[in-house]
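Survey of secondary and tertiary structure
These are the residues of each chain, in order.
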Amino acid sequence: MELRHLRYFTSVAAEGSFSRAAEKLNIAQPPLSRQVQQLEEELGVRLLDRGRPLTLTEPGRYLYEQGLQVLQRVEEMKSMTRRIAKGMVLQFNIGFVASTLYGSLPEIIRRFRILVPGAEVQLLEMTTLEQVAALKDGRIDVGFGRLRFDDEMILRKVIREEHLCLAVPIDHPLAATQEKLRLRQTAGEPLIIYPKSPRPSYADQVLGFYRDVGVEPLIGMEAKELQTALGLVAAGGGICVVPNSVRRLGRDDIKYIELDEPGLTTPIIMSQRRNDASPILRQLSALVSDFET
């Protein structure tokens with residue numbers, strides 16, 4: 001599928017007519033009709049009901065909605081690329097895993113934006129493994145994740161180690177405890193882990209903590225991301241081991257319980273391309289260092 005196919009198809013769909021679309025695109029109607037037909041043949045579906053009036057099929061409506069988004073994104077990319085080339089803006093992309101937003105990262109980024117007012121700072125949610133690929137591809141300039149890994153192309157720095165706690169439904173028997181819990185005391189409870197994929201991930205860190213104390217966890221459900229996992233906990237689907245900073249969400253349908261286990265922490269790790277000497281990256285690194293002290 002090429003972009004011109006999407007442009008032609010979305011134009012026909014928006015105009016509800018091949019002739020009006022051809023006039024708007026400044027091309028003859030027969031070639032336009034052939035391009036749309038080629039798109040249908042490539043996808044193996046009928047996108048248009050060619051009656052009077054012209055209407056979209058169900059697959060056609062889906063492709064039209066998605067196609068508009070793709071074309072809009074392409075125009076945004078073109079515009080930003082031209083602005084960067086003209087020196088009008090410096091783009092700096094930051095990858096992050098969702099759970100890091102409940103700690104000091106938002107304040108770091110807020111101050112970073114003040115330090116570099118001429119930069120277009122974009123935040124992109126992605127897992128640690130996705131950050132590694134994005135760093136290598138140049139799609140992000142720095143990543144904040146929780147997974148330890150070794151890669152000769154990536155330089156990693158542990159910002160801090162964050163303690164973990166247990167999230168349980170507010171009406172769960174464990175919620176009545178006033179003392180710290182050991183992981184062994186949660187054996188047999190359905191455990192909700194996240195993220196579901198890609199793996200390895202934070203989920204494997206949690207499973208490793210259980211196995212280190214000789215407990216084979218009973219996996220209840222696997223959630224795609226943290227917010228979903230907490231929703232499942234609140235709904236009584238099980239318990240979940242989360243970073244302490246998640247308490248800041250202030251949910252009244254979940255009880256957070258301290259865990260009494262040595263070494264039960266998860267790191268927040270800043271990752272960047274090795275030998276990246278970007279001045280703006282140095283500014284961010286210095287700001288992160290200030291937060292460590």
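Residues numbered from 1 in each chain as written. Predicted model: local features only at pLDDT ≥ 70, side-chain atom pairs only at ≥ 80, totals over all residues. Heavy atoms only, no water.

To continue, consider a nonpolar patch on the surface. On the surface, a cluster of nonpolar side chains totalling about 230 Å² of accessible area is made up of M1, L43 and V45. Examined against the element boundaries, V45 turns out to sit in the loop between α3 (29–43) and β1 (48–49). Residue V45 is classed as partly exposed on the basis of its relative accessible area, which comes to 32%. (Patch = residues over 30% accessible without salt bridge, like charges linked within 9 Å, V, L, I, M, F, W, Y side chains within 5 Å. Areas by Shrake-Rupley, 256 points an atom, 1.4 Å probe, with all protein chains shown as cover. Salt bridge = Lys/Arg side-chain N within 4 Å of Asp/Glu carboxyl O. Helix = DSSP H or I, 4+ residues; strand = E, 2+ residues; numbered from the N terminus. Buried < 20%, exposed > 50% of the residue type's maximum accessible area, 1.4 Å probe, protein only.)

Evaluation of the coordinates by the stated rule reveals 20 salt bridges. With a shortest N-O distance of 2.7 Å, E107 and R110 are connected by a salt bridge. Here E107 and its partner R110 are both found in helix α5 (residues 105–115), three residues apart, which amounts to about one turn of the helix. The class of E107 is partly exposed, set by a relative accessible area of 26%. Taking relative accessible area as the criterion, R110 reaches 44% and is therefore assigned partly exposed.

On to unusual backbone geometry. Note that the residue after Y194, namely P195, is joined by a cis bond; omega there is -10°. Along the polypeptide, P195 turns up in the loop between β7 (190–193) and α7 (202–212). Positive phi outside glycine occurs at N26, with the angle close to 60°. According to the relative accessible area criterion, N26 is exposed, its value standing at 69%. With a phi close to 70°, N275 is a non-glycine residue in the positive phi region. Position of N275 relative to the elements: it lies in the loop between β11 (265–273) and α9 (279–292). Using a relative accessible area of 73% as the deciding quantity, one classes N275 as exposed.

Right, let's get into the packing of aromatic side chains. In the structure shown here, the tally under the stated rule is two aromatic pairs. On the numbers, 5.1 Å between centres and 40° between planes, the contact of Y194 with Y202 is tilted. A cation over a ring is seen here: R156 above F149, with NZ or CZ 5.1 Å from the ring centre. (Phe/Tyr/Trp six-rings, centres within 6.5 Å; stacked < 30°, edge-to-face > 60°. Lys NZ or Arg CZ within 6 Å of the ring centre and 35° of its normal.)

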